[in-house]
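Coordinates in review
The lines below spell out each chain.
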Amino acid sequence: MSPAATTLPTQRLRIGWSDHALERFCERAGVPERPRAQLEAELKRLVARDGSVVPDRPRWADSRNEADLFVQIGGWLLVVLMRDERGREGTYTAVTVLGREGWADWPAAHARGLTRVRPPRWARPSLVARLLRRLRRRG
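The text that follows walks through the structure, step by step, so that each part is easy to find. (Residues numbered from 1 in each chain as written. Predicted model: local features only at pLDDT ≥ 70, side-chain atom pairs only at ≥ 80, totals over all residues. Heavy atoms only, no water.)

When its secondary structure is counted, the protein shows five helices and five strands. Put simply, the protein runs from its N terminus to its C terminus through helices and strands in the order α-β-α-α-β-β-β-β-α-α. Sequence separation of 24 or more characterises 52% of the internal contacts of the protein that already satisfy a separation of 6 or more. (Helix = DSSP H or I, 4+ residues; strand = E, 2+ residues; numbered from the N terminus. Contact = heavy atoms within 4.5 Å.)

Let us now look at the environment of D56. Relative to the helices and strands, D56 is located in the loop between β2 (51-54) and β3 (69-73). What makes D56 exposed here is its relative accessible area of 57%. Counting along the chain gives 13 residues from D56 to L69, while the straight-line C-alpha distance between them is 8.3 Å. (Buried < 20%, exposed > 50% of the residue type's maximum accessible area, 1.4 Å probe, protein only.)

Tallied over the full model, the rule gives two aromatic pairs. Aromatic rings pair up to connect F25, W76 and W106 into one cluster. (Phe/Tyr/Trp six-rings, centres within 6.5 Å; stacked < 30°, edge-to-face > 60°.)

Taken together, the buried positions of helix α2 (residues 19-29) are occupied by A21, L22, F25, C26 and A29. Taken down its axis, α2 places every buried residue within 140 degrees of arc, on the same side. Tucked inside the fold, the buried residues of α2 contact β1 (14-17), α3 (36-50), β4 (77-83), β5 (91-99) and α4 (106-111). (Arc of directions from axis to C-beta.)

Counting residues in each nonpolar core, the largest one holds 30 residues, and the members touching the most others are L13, W17, F25, V31, W76, L81 and W106. Sequence-distant contacts of F25, that is, excluding residues within four places in its chain, are made with G30, V31, L39, L43, L46, L77, V97 and W106. (Core = buried A, V, L, I, M, F, W, Y, C linked by side-chain atoms within 4.5 Å.)

Let's shift gears to the sheet that holds β2. Taken in spatial order, the five strands of this open sheet run β1-β5-β4-β3-β2, and their pairing is mixed. Across the chains shown, the open sheet's two edge strands, defined by having one partner strand only, are β1 and β2. Going across the sheet, the axis of each strand differs from the next one's by a mean of 35 degrees, ignoring polarity. Note that β3 and β4 share five bridges and pair antiparallel. (Pairing = 2+ DSSP bridges. Axes fitted to C-alpha atoms, helices over the stretch in contact; angles between N-to-C directions.)

Axis separation between α2 and α3 bottoms out at 11 Å; the angle between their running directions is 75 degrees. With respect to α3, the element α2 is oriented roughly perpendicular. For the pair formed by α2 and α3, the contact residues are D19, L22, F25 and C26 on the first element and R36, L39, E40, L43 and L46 on the second. Along the lines of polarity and charge, the residues of the contact of α2 with α3 split into six nonpolar, no polar and three charged. (Parallel < 35°, antiparallel > 145°, perpendicular 65-115°, else oblique. Nonpolar A, V, L, I, M, F, W, Y, C, P; charged D, E, K, R; others polar.)

This next bit is on the pairing of β4. Burial within β4 is extensive, with five of its seven residues counted as buried. Hairpin connection between β3 and β4: a loop of three residues separates the two successive antiparallel strands, and G74 in this loop has a positive phi of roughly 55 degrees.

Note that all results are geometric; they support no functional claim without further evidence.
This is the structure:
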């Protein structure tokens, strides 16, 4: 990765989201699948508000995928980017999204301070799901 890439503000990144990256976001964040435009809007909000360009893959990101750039969202998700050769500088395609082991639920990551961005209502578990989770913990 070039030194200039590490100083690029996330707000200036133009990210195209692959189908695989959107699927992995739903899986890693524990959110239901939604229309593509809605998922892309949420990811764009996460990257802009809580993302930072990192020079290397964090130790918690268990993957050997090649990448031109990484964007870490809080201490919770990692977006793996490849440069889009057809686009202008700062144009990338997200090829996958990696999650921190054991923190797959966006509301839980927010509650534990791993992301400042509160999940939208549709991404939060229902009251019944929260009660069931509490009962399982008490086990």
